[in-house]
Amino acid sequence: MYAKLKCLQCLIILNGLFYVQGERTIGAIIDDGSFLFEAAFNVAITAASENEESPFAASVVRTPPGDIMEAETAMCTLLESNIFGVYGPKTKSTLHHVQSIADFLEIPQLIAEPVETLNRNWTAVNLYPNHIAYSQIFADIIKIKAWDEFTIIYEGSEHLPFIDNIISLQELDSEVKMVILVVQLPDGDDYRSQLKTVKASGSLNYVISCGIDKLPLILQQIQQVGLMSDDHSYIIMDPDFQTIDIEPYKHGGSNITGIRFFDPELEDIQNFITSLNAKVKELSEGQIENAVAENGLTLNLALVYDSVILYTAAINAMGLEEGAENITCDSDDSWTFGSTLINHVRTMEIDGLTGLIKFDEEGLRSELEVDVLEVMAHGFEKIGSWTTEDGFTESRKIVPPVEQEGSDSMKGKHFIVITALSAPYGMLKESSKQLEGNDRYEGFGIEIIEELAKMNEFNYTFDIQVDGVYGSYDSKTGKWTGMMEKIMDGRVDFAITDLTITAARQKAVDFTSPFMNLGITILYKKPTKQPPDLFSFISPFSYQVWGYLAGAYVGVSALLFLLGRFAPEEWQNPYPCIEEPETLDNQWTFANSFWFTLGSVLTQGSEIAPIAVSTRMAGSMWWFFTLIMVSSYTANLAAFLTVESKFYAIKSVSDLANNPYEISYGAKKGGATYSFFKESDNILYQKMYQYMDAHPEMMPPTNDIGLERVKSETENYAFLMESSSIEYLVERNCDVAQVGGLLDSKGYGIAMKKNSPYRQPMSESILQLQEQGKISRMKDKWWKEKRGGGVCADDDEGSGDAQPLVLANVGGVFIVLAAGSGMAVICAFVEMMFDVWLTARRVKVSFKEELIAELKFIFSFSGDVKPVRHRESTGSGSKESKKEEEKEEDDVESHRESQNRDELAPSRHSERSSHSHHNSHSRRQSNAIQMARMRKYSRQYSNKSQLIPEN
Ligand code: GLU
């Protein structure tokens, strides 16, 4: 480009040398490396020549930027063209050099640069606004905005004179102390670290003074470090502010104010831009089209035009037709009209593209007229104008924009989101590359914000709470701490981490709907192996079941004893050979009853066998019961012996509170868990709070430190923390586990300033994410998959503890036993009643009498021997023999009374085996029946023979 430029330069130098007689030549030294200023100069010369009899001509020399020798040569060359004045160059050092030549030769020099003109060299005509007047514009805007603190960020020392009046604001108003911080940006393109330092100061208002080429980059980095939220305000000092792309800042919420010297939509400006573009295209031989965009005209270009117009107007006004003839770089003379022309220019007043052009008595452009602009969602908006004479005049009330609720209210805005390095909510990315900005972080909370930003179209910058303090109210200072304080101060917009929604916090800030639910529980070492227990055979049944079992044993034994007494069939003839025994025996003595039940429980049996239906029913129910109970016991005992038993030092929070093993415990310092114990009115939790309060050394500042203490071999420590975080830790640390259930139920939410308009859209988006299942997928990803998740997944497999059987497991069999026993009782009762009825009939007494006698005997519990009832022998004669006969008939039906008559064995019935006893009993029964029949027939026969007369 520069080689090409050099070549073009030769041509133009030649052009300049052949000036046309009758044309008034104005020279220009162009050193900006583009065609823009040359084009602007040419367009201005053309415009100045319109309708002029003796037109003006441009003689342009291009030089490399900052090359003093070339600039001097260019000046000398131009002087050969009898010039009326010279424009340029732009570069400060060459400008000053050319200025000294021009000054010596009294050739007026046109300048349109913000150079210090403190030497007030009288041959220079600088149309750039004077720095004092310029800085006054911004001082007035700051006053209107009533800032009591602000930071001036400037780029280089050349900007310092332009902030002169702004700094003086501090002295002007001695009543209100204005805090002004002045910060210079470092060399290079990365201002972020400097901006972060500025951010740490907490300043909310900023004045930016920098070149237009750097302004977009600076604003971008300001946004990146999170200095462009709703609470921040900016004043941009560069006059070309309107030429930059403000799209990224339109919706950010920050108030951004700037100025302009002309409205780009004005016809004159648009015409100038058109001519300029055409000229650039011509100069670049068609290579550059539309060099200046519709709103891209800078102040310098407009000033080049204005300076030429002003100067040529002065030449015309003076009627000058001859330039600096015979004036060369070597001549000792100066141009005769030079000083007169300069004086004339300084008295002139014209309306240029950049407003009113007028000089003060010092030759400086101090009378200014500018528009004051503000960045709005729709673009730039003029909010007023400022003139040196009248100061700021508002054309629109500065009203804070009304925030609409709904997702649109967040669109395009930029927010600072604070988080903490607390896994898995916010973590530093593991990467071999050096990462910048938001890219440095990942995690569950980070991903939620990414999703919310996509849904609500906002931008964000993450900030880290380095000390990990989420925030609690400090009653001593009356202030909130940590993240909460930053939200309340407006230093950050949102906070996301494992930040619990608590009643106290809800009073100070707003929370979105919870994105996760959890409760407080205990993190402790995994249970250790239980030492072998000598009495582990007790374990298969719970103590309650053992108790019931013992009760059932006693109950059924007692029942059998009773049933034995009730059931008539259980009363047996002890001496089967005695036909009519005086007494009957019963096998169901108290001891035998207990022996029978015990024998079946221990699956060993006994020699006692029930005979009556009722005792058999009760016995079989008991056998069924023992069958189930013994099988259950055996099965569970096998489980107890094969499964490794664990020793649980604590199983619940009450174990921890009562602390039999002297386990120390604590919760995260200043966290919601600690607050829970503090605020609770539960006696147990209060006791725990008092312990924690008395042992501040037990309160780790982060969950990670808490985990290390739990794992420590040297410490016996339990950490009270939130279940969701425990879930994450136990996936990766196989030597720790959650102990007990949840003490409460609460949630994590995103915190923001009280009455924030963003709560509604953020909550809606969180609910949407939940409904779409995205949050639970994210949870699975960050809990179970990423960063070593799932390591301990198989760890607990097969380690299910054997549990003692409780009543719920075996209750049914007790019910069956009880029902069976009930039926047996009914049965025994029926049997007894029937037997009483028979006996009553047989012995010719009333049923009631017999029943009372029987019951008396049963409940007298007077042993296992029962006397046999016989009929009373009170009658005489034939009446008596009839009764005898009837009795004999009864004997046939009553097997019991005849059963033993054919046997004379004197031994006790109970001494025999039940089986053989039963067989012999049946045999005896039939013998007895036969004998009774025989006796009956023989008696009938003898009675009949008595009826026959003896002779
Ligand atoms: N989530 C808690 C909070 O918001 C921190 C952890 C805890 O206290 O267990 O303060």
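Residues numbered from 1 in each chain as written. Predicted model: local features only at pLDDT ≥ 70, side-chain atom pairs only at ≥ 80, totals over all residues. Heavy atoms only, no water.

Draft legend 1. Spatial organisation of the overall build of the protein chain. Across its full length, the protein chain carries 29 helices and 35 strands. Considering the protein chain as a whole, with its 951 residues, one finds that 49% of them fall into the buried category. Taking contacts inside the protein chain between residues at least 6 apart in sequence as the whole, the part at least 24 apart equals 73%. In the structure as shown, the protein chain presents an accessible area of about 45500 Å², 54% of it carried by carbon and sulfur atoms. (Helix = DSSP H or I, 4+ residues; strand = E, 2+ residues; numbered from the N terminus. Buried < 20%, exposed > 50% of the residue type's maximum accessible area, 1.4 Å probe, protein only. Contact = heavy atoms within 4.5 Å. Areas by Shrake-Rupley, 256 points an atom, 1.4 Å probe, with all protein chains shown as cover.)

Draft legend 2. Representation of the pairing of strand E1 (residues 24-30) in the model. Of all 7 residues in E1, 7 are buried; the element is thus mostly enclosed. What you see with E1 is no split at all: Arg 24, Ile 26, Ala 28 and Ile 30 on one side and Thr 25, Gly 27 and Ile 29 on the other are buried throughout. Bridge analysis of E1 against strand E2 (residues 56-62) gives 7 bridges, and the strand direction is parallel. Within the sheet, the bridge partner assigned to Ile 29 lies in E2 and is Val 61. (Pairing = 2+ DSSP bridges.)

Draft legend 3. A look at the environment of Lys 486. Mapping Lys 486 onto the fold places it in helix H13 (residues 482-489). On the basis of relative accessibility, which here comes to 18%, the residue Lys 486 falls in the buried class. Put simply, Lys 486 and Lys 753 are 267 residues apart on the chain and 9.4 Å apart in space, counted from C-alpha to C-alpha. Not counting residues within four places of it along the chain, the set of residues in contact with Lys 486 comprises Ile 418, Gln 465, Arg 491 and Val 492. For Lys 486, the side chain forms a polar contact with the side chain of Gln 465, separated by 3.1 Å. (Polar contact = N/O pair within 3.5 Å; in protein donor to acceptor, adjacent residues only side chain to side chain.)

Draft legend 4. Main features of the site of the ligand. Around the ligand, the neighbouring residues are Tyr 470, Asp 498, Leu 499, Thr 500, Arg 505, Lys 668, Gly 671, Ala 672, Thr 673, Glu 722 and Tyr 748. A distance of 2.7 Å separates a nitrogen atom of the ligand from a polar side-chain atom of Thr 500. Taking 290 Å² as the accessible area of the ligand by itself, protein coverage stands at 100%. The cavity where the ligand resides is the second largest cavity. (Near = heavy atom within 4 Å. 1 Å grid on protein atoms, 1.4 Å probe; cavity = no way out; pocket = protein on both sides within 12 Å on 5 of 7 lines; lining within 4 Å. Sits in = over half its atoms within 2 Å of the grid points.)

Draft legend 5. Seen up close, the pattern of salt bridges. One pass over the structure, following the stated rule, counts 26 salt bridges. Of the charged contacts, one joins Lys 454 and Glu 451 as a salt bridge, the two residues approaching to 3.6 Å between their closest N and O atoms. In this pair, Lys 454 and Glu 451 are both assigned in helix H12 (residues 444-456), 3 residues apart and thus about one turn of the helix distant. We classify Glu 451 as buried; its relative accessible area is 14%. Shared partners join several salt bridges into a network, and the residues in it are Arg 260, Asp 263, Asp 371 and Lys 382. (Salt bridge = Lys/Arg side-chain N within 4 Å of Asp/Glu carboxyl O.)

Draft legend 6. Main features of the side chain of Gln 587. With respect to the helices, strands and loops of the structure, Gln 587 is situated in the loop between strand E28 (583-586) and helix H16 (590-601). For Gln 587, a relative accessible area of 15% puts it in the buried group. A distance of 2.6 Å separates a polar atom in the side chain of Gln 587 from the backbone oxygen of Ala 609. If we ignore the near neighbours within four places in the chain, the residues touching Gln 587 are Glu 570, Asn 592, Ile 608, Ala 609, Pro 610 and Ile 611.

Draft legend 7. Layout of the state of the cysteines. Applying the stated criterion across every chain, the model contains 2 disulfides. Disulfide pairing places Cys 76 opposite Cys 329 at an S-S distance of 1.9 Å. Linking Cys 76 and Cys 329, the disulfide has an S-S dihedral of approximately -105° and is accordingly described as left-handed. Residue Cys 76 is found in helix H3 (residues 68-79), and its partner Cys 329 is found in the loop between helix H10 (299-318) and helix H11 (338-347); the two are separated by 253 residues along the sequence. Residue classification places Cys 329 among the partly exposed positions, given a relative accessible area of 26%. One disulfide in the model links Cys 734 with Cys 792; its S-S distance is 1.9 Å. Because the torsion about its S-S bond is -85°, the bridge between Cys 734 and Cys 792 counts as left-handed. With a gap of 58 residues between them, Cys 734 in the loop between helix H22 (723-732) and strand E32 (736-739) and Cys 792 in the loop between helix H24 (774-785) and helix H25 (807-842) connect regions that are remote in the sequence. Residue Cys 734 is classed as partly exposed on the basis of its relative accessible area of 26%. (Disulfide = S-S within 2.5 Å.)

Draft legend 8. Just the sheet that holds strand E34 (residues 751-752), in detail. Taken in spatial order, the 5 strands line up as E19-E16-E22-E34-E23 in an open sheet, and their pairing is mixed. Only two strands of the sheet have a single neighbouring strand rather than two, namely strand E19 (459-464) and strand E23 (510-511). Where E23 and E34 come together, 2 bridges link them in antiparallel fashion. Directly across from Phe 511, in E34, lies its bridge partner Ala 751.

Draft legend 9. Structural detail: the layout of surface pockets. Approximately 1000 Å³ is the volume found for the largest pocket. Surrounding the largest pocket, 33 residues form its lining, Glu 113, Pro 114, Gly 211, Ile 212 and Asn 300 being those nearest its centre. At the level of elements, helix H2 (36-49) and H10 are the ones that each hand at least two residues to the lining of the largest pocket. (Points joined across faces, edges and corners; volume = space filled by probe spheres on them.)

Draft legend 10. Quick look at the UniProt feature "binding site: L-glutamate" (unreviewed entry) in the protein chain. Following the UniProt record, one finds the feature "binding site: L-glutamate" (unreviewed entry) at Thr 500, Arg 505, Thr 673 and Glu 722. Of the annotated positions named here, the second largest cavity is lined by Thr 500, Arg 505, Thr 673 and Glu 722. Classification of Arg 505 as buried rests on a relative accessible area of 4%. Excluding residues that lie within four positions of it along the chain, Arg 505 makes contacts with Tyr 470, Gly 471, Trp 480, Met 484, Leu 499, Thr 500, Phe 511, Gly 670 and Ala 672. Within the structure, Arg 505 has its side chain in polar contact with the backbone oxygen of Gly 471 (distance 3.0 Å). With respect to the helices and strands, the residue Glu 722 is situated in strand E31 (residues 717-722). The exposure class of Glu 722 is buried, given its relative accessible area of 8%. Setting aside anything within four residues of it in sequence, one finds Glu 722 in contact with Asp 498, Thr 500, Leu 518, Gly 519, Ala 672, Thr 673, Lys 746 and Tyr 748. (UniProt positions renumbered as here; feature names shortened; annotations may be inferred.)

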